[in-house]
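Residues per chain, in single letters:
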Amino acid sequence: MSKKLQGLRDNFSLLGEKNKVLVANRGEIPIRIFRSAHELSMRTVAIYSHEDRLATHRLKADEAYVIGNKGEFTPVGAYLAIDEIIKIAKEHQVDFIHPGYGFLSENSEFAQKVAESGITWIGPPSSVIDAVGDKVSARNLAAKANVPVVPGTPGPIESVEEALEFVKEYGYPVIIKAAFGGGGRGMRVVREGDDVADAFQRATSEAKTAFGNGTCFVERFLNKPKHIEVQLLADNYGNVVHLFERDCSVQRRHQKVVEVAPAKTLPIDVRNAILTDAVKLAKEAGYRNAGTAEFLVDDQNRHYFIEINPRIQVEHTITEEITGIDVVAAQIQIAAGASLPQLGLLQDKITTRGFAIQCRITTEDPAKNFQPDTGRLEVYRSSGGNGVRLDGGNAYAGAIISPHYDSMLVKCTCSGSTYEIVRRKMIRSLIEFRIRGVKTNIPFLLTLLTHPVFISGDYWTTYIDDTPQLFQ
Ligand code: ADP
């Protein structure tokens, strides 16, 4: 990076007097965001539900405010209370709101209301969230940008007959997807011999309950694909860069468990085509701020775009480790009006070094079908040392793990020069943890990391579900 660019990057004056950021979230991600904000000399504001009054994220901020009166909101509802959150922000002269991931992060109404209240939204504007936020609009966007998508129905389907017509043309298996689904939920795989009508009814009604919108469409279900995603950054002036890819194929029931960057076994030409397509999509969408374009790669190495997530993702840490770029700081600075060149983020200057692997350590009991476990953490000693990064929320001896929220306890990210070195580092790191009082998935992660397929780096999205030895 040139001296001039470095100077601009070190200059926080872009934030000027406006430097107070509220994070509308809980758990590890507010803490992660507060860290970057503090490094940018910003003041931080946490909000918390009544149930979270002892949660760590409120202690890591300069100011913290409870959402509503006791009993006014449910534990989750508090973090979805748009008007109440904006009211708190206004009362305390907040300049920026960062939504984190989950909760309101993809809610265009929230983004819109934040902007209308004169507060800067750290994320893409509501119109972009709408354009990419559901899977059907994302497919339309890809068609416009000339980027391949998985063969599927051209739009939402209204009846089981339309699903059957698709099956007639493309054959089994297919996947019925909720357009507004997320987090690996709202999908139903239909194989030869399954009852399509029943699957369609269930998918629609589940989508309505879970996402408030029952719209579904049908795609071919690819055999053993890889999930490859591209971290994107876009400024407010039309510049877009990618921060290379992540391989998130190691999933359990469509939910990511371990993520790796860069993808170890992806042929270079396929990788380059995916990176190019990701940037094309962002440009077509008029994308702004950080986002992730997700692709599937089939057993013939053909890639297909599946969706754009218009927010920071859980696994952004591995991209940070291989590129040395603080994605959250970039999000804040872009929202404050910085251009990518001002931040030194020019495509040909962005490179990767070595590998990084992230494991999501959860309070789930592998012996009980990964049921969330709750209670008091009697003992908590974390790992550390060379190449180990931990992003945690309420992880300390004495912490109460409540049943109200997501079961992720801490994210362990290891980095180093080769995949094998990092794999071994992760094993060492997981063994070093001492967690008692609540069950965790660490024993399962260790089995996974020592399995031949994981060692090879050549995994596919149903690898865990297809491998019963991992559960013995
Ligand atoms: P979500 O928004 O819930 O994360 P995605 O559309 O990103 O849903 O898909 C999540 C995962 O589901 C993918 O990584 C992959 O494992 C599986 N999946 C989705 N679509 C297909 C498909 N057409 N064929 C095979 N697997 C799929």
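Provided above is the structure to which this section pertains.
Residues numbered from 1 in each chain as written. Predicted model: local features only at pLDDT ≥ 70, side-chain atom pairs only at ≥ 80, totals over all residues. Heavy atoms only, no water.

Right, let's get into helix H12 (residues 327–335). What sets the pattern is the α-helix's 3.6 residues per turn: residues three or four places apart point alike. Summarising burial for H12: nine of the nine residues are buried, a large majority. Of all the positions in H12, only Val327, Val328, Ala329, Ala330, Gln331, Ile332, Gln333, Ile334 and Ala335 are classed as buried. Where H12 begins, the side chain of Asp326 points an oxygen toward the backbone nitrogen of Val328, at a separation of 3.1 Å. One or two steps after H12, the chain reaches Gly337, where phi turns positive at roughly 110 degrees. (Buried < 20%, exposed > 50% of the residue type's maximum accessible area, 1.4 Å probe, protein only. Helix = DSSP H or I, 4+ residues; strand = E, 2+ residues; numbered from the N terminus. Polar contact = N/O pair within 3.5 Å; in protein donor to acceptor, adjacent residues only side chain to side chain.)

The next point concerns the pattern of salt bridges. Enumeration over the complete set of coordinates arrives at 32 salt bridges. In this structure, the salt-bridge partner of Asp83 is Lys113, at a minimum N-O distance of 3.2 Å. Here Asp83 is found in helix H4 (residues 82–91), whereas its partner Lys113 is found in helix H5 (residues 108–116), with 30 residues between them in sequence. What makes Lys113 partly exposed here is its relative accessible area of 27%. With a closest N to O distance of 3.0 Å, Glu229 and Lys256 form a salt bridge. Of this pair, Glu229 sits in strand S9 (residues 226–234) while Lys256 sits in strand S11 (residues 255–261), placing them 27 residues apart in sequence. The exposure class of Glu229 is buried, given its relative accessible area of 0%. Beyond isolated ion pairs, a larger network of salt bridges with shared partners links Glu229, Arg246, Lys256, Glu259, Glu294, Glu315 and Arg360. (Salt bridge = Lys/Arg side-chain N within 4 Å of Asp/Glu carboxyl O.)

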